[in-house]
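Residue-level listing of the chains:
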Amino acid sequence: MKRSLLLIMLLGSLPCVAADKKFELVSTKELTENAKVWVHGFSADGKQLLYSDGPDLCILDVATGGMRRLFNVAVAGFSPTFSPDGQSLYFLRREDKRLSLFRIPLAGGAAAVKVMEDAGHPVFSPDGKTMAFFRREYVENETAGSDTLIVASLEGRGLRKLTTFSPGWFSYEMLWSPESDRFVFLRQMGASKVRKLL
């Protein structure tokens, strides 16, 4: 199945649209030809889009449509995301069966810096001061593992464990509230198709 990244431009700003009106599309531009395209998200200011085009991690300039290839994400790591200020990328890398979180500046010229070990995919608070993630933890004679919700500074300091959930449940798709004081996320038991919104 082929996937394509499309840039769709809307006509003007749309602060309010009447219920009986339709959006007017100015143009649709296909940006990729690779069948393996994955979108990772926009920068906080909405000016850049991070996506994978095959094995390459790329950034799209939304205003101009210009694309810049960063590096081979399969070699560097996985699960990339913009920092809150849009100046760096965070990504995960597996090291000796453990997940470590790294940060690398988009301007280049510097090596990736390890932020912390035993991490998960970071989700940043709307105020840009804190990140949260789920850490998979195991205890003796336990095979399923338990997810622990952790918050920390952007530098990986001041870790706080907020709660640990029952073994066997996988937690994901976490979102912060606009006030940066609570979370909502999905949970799923093993391979079951049953999901819970918490």
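Rules of the game
Residues numbered from 1 in each chain as written. Predicted model: local features only at pLDDT ≥ 70, side-chain atom pairs only at ≥ 80, totals over all residues. Heavy atoms only, no water. Helix = DSSP H or I, 4+ residues; strand = E, 2+ residues; numbered from the N terminus. Contact = heavy atoms within 4.5 Å. Areas by Shrake-Rupley, 256 points an atom, 1.4 Å probe, with all protein chains shown as cover. Buried < 20%, exposed > 50% of the residue type's maximum accessible area, 1.4 Å probe, protein only. Pairing = 2+ DSSP bridges. Core = buried A, V, L, I, M, F, W, Y, C linked by side-chain atoms within 4.5 Å.

Participant: Which residues make up the overall build of the protein chain, and what are the values?
Facilitator: Helices and strands together make up the secondary structure of the protein chain, namely one helix and 17 strands. Relative to all contacts within the protein chain whose residues are 6 or more apart in sequence, the contacts with residues 24 or more apart total 27%. Just so you have it, the protein chain exposes about 12400 Å², and 54% of that area is on carbon and sulfur atoms.

Participant: If you had to explain unusual backbone geometry to someone new, which residues and values would you point to?
Facilitator: Look at Asp118: it is not a glycine, yet its phi comes out positive at around 50°. The topology assignment puts Asp118 in the loop between β10 (113–117) and β11 (123–124). Judged by relative accessible area, Asp118 falls into the partly exposed class, the value being 30%.

Participant: Residue-level account of the sheet that holds strand β13 (residues 146–153), with values.
Facilitator: Read from one edge to the other, the open sheet built from four strands follows the order β11-β12-β13-β14, with strand pairing classed as antiparallel. For this open sheet the edge positions go to β11 and β14 (160–164), each flanked by a neighbour on one side alone. Sheet topology places strand β12 (residues 130–137) next to β13; eight bridges connect them, and they run antiparallel. By the bridge assignment, Phe134 is partnered in β13 with Leu149.

Participant: Which residues make up the nonpolar core, and what values go with them?
Facilitator: Counting 12 residues, the largest nonpolar core is built from Tyr90, Leu92, Leu101, Val115, Met116, Ala119, Phe124, Met131, Phe133, Ile150, Ala152 and Leu154. Elements represented by at least two residues in this core include exactly β8 (88–95), β10, β12 and β13. Setting aside residues no more than four positions away along its own chain, Ala152 makes contact with Met116, Thr130, Met131, Arg157, Gly158 and Leu159.

Participant: I'd love a proper account of the pairing of β13, names of residues and values included.
Facilitator: Of all eight residues in β13, eight are buried; the element is thus mostly enclosed. The side-chain alternation of β13 yields two buried faces, one formed by Ser146, Thr148, Ile150 and Ala152 and the other by Asp147, Leu149, Val151 and Ser153. Bridge count between β13 and β14: four bridges; the pairing is antiparallel. Counted as the bridge partner of Val151 is Arg160 from β14. The hairpin turn running from β13 into β14, its antiparallel successor, is six residues long, and Gly156 in that turn takes a positive phi close to 85°.

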